[in-house]
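Summary of structural features
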Amino acid sequence: MTRVTFISADGERRQEVDAPTGSVLLDIAQAAGQPLEGTCEGQMACSTCHVVVDADDFARLPRASEDEEDMLDLAAAATRTSRLSCQIILDGKMDRLTVRIPGEFNNMQGM
């Protein structure tokens with residue numbers, strides 16, 4: 001199992017979730033009720049699943065592909081530690097991963 005902490009855009013809400021190793025972060029976020037849309041279902045045709053990875057955790061992630069970096073160029077409020085959650089597969093090296101949900105503007109359905 002891999003523990004992931006989701007932090008709301010305003011920093012006031014934290015949710016810790018235990019996820020099976022090998023899970024996709026977007027799927028875990030959606031199952032936990034986090035407001036990430038993932039409109040393209042992991043095909044990297046949108047940036048609605050953009051998250052900001054904690055700076056201390058960012059180096060533990062595999063490098064983003066060129067396609068992912070191109071999609072992140074379209075994400076509102078992207079930072080140097082932004083990633084698409086549909087491209088993050090949780091493994092043992094990512095235990096205690098912390099990510100921030102950028103904000104409601106990221107969600108096309110307003111959930």
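In case you missed it, the structure is sitting above this.
Thresholds applied
Residues numbered from 1 in each chain as written. Predicted model: local features only at pLDDT ≥ 70, side-chain atom pairs only at ≥ 80, totals over all residues. Heavy atoms only, no water. Helix = DSSP H or I, 4+ residues; strand = E, 2+ residues; numbered from the N terminus. Rg over C-alpha atoms; globule rule 2.2 N^0.38 Å. Buried < 20%, exposed > 50% of the residue type's maximum accessible area, 1.4 Å probe, protein only. Contact = heavy atoms within 4.5 Å. Areas by Shrake-Rupley, 256 points an atom, 1.4 Å probe, with all protein chains shown as cover. Lys, Arg positive; Asp, Glu negative; His and termini not counted. Charge placed at Lys NZ, Arg CZ, Asp CG, Glu CD. Pairing = 2+ DSSP bridges. Patch = residues over 30% accessible without salt bridge, like charges linked within 9 Å, V, L, I, M, F, W, Y side chains within 5 Å. Salt bridge = Lys/Arg side-chain N within 4 Å of Asp/Glu carboxyl O.

In terms of regular secondary structure, the protein chain is built from three helices and five strands. Starting at the N terminus and ending at the C terminus, the protein chain contains elements arranged as β-β-α-β-α-α-β-β. Taken over C-alpha atoms, the radius of gyration comes to 12 Å for the protein chain, in line with the 13 Å a tight globule of 111 residues would show. Taking the principal axes of the C-alpha coordinates as reference, the protein chain spans close to 30 × 30 × 25 Å. A buried classification covers 46% of the 111 residues belonging to the protein chain. When contacts within the protein chain are restricted to residue pairs at least 6 apart in sequence, those whose partners lie at least 24 apart make up 64%. Carbon and sulfur atoms make up 47% of the accessible area of the protein chain, which totals about 6100 Å². Counting 10 positive and 19 negative side-chain charges, the protein chain places the averaged centre of each group 7 Å from the other.

A few words now on the side chain of T5. Mapped onto the fold, T5 is located in strand β1 (residues 2–7). Of the residues examined, T5 reaches a relative accessible area of 5% and is grouped as buried. Excluding residues that lie within four positions of it along the chain, T5 makes contacts with R14, Q15, E16, L97, T98 and V99.

Quick look at the pairing of strand β5 (residues 97–100) now. Note: β1 against β5, four bridges, orientation parallel. Each bridged residue has a counterpart across the sheet, and for V4 the counterpart in β5 is L97.

Okay, a negative patch on the surface next. Together, E66, D67, E69, D70 and D73 make up a negatively charged patch on the protein surface. Mapping D73 onto the fold places it in the loop between α3 (66–72) and β4 (82–84).

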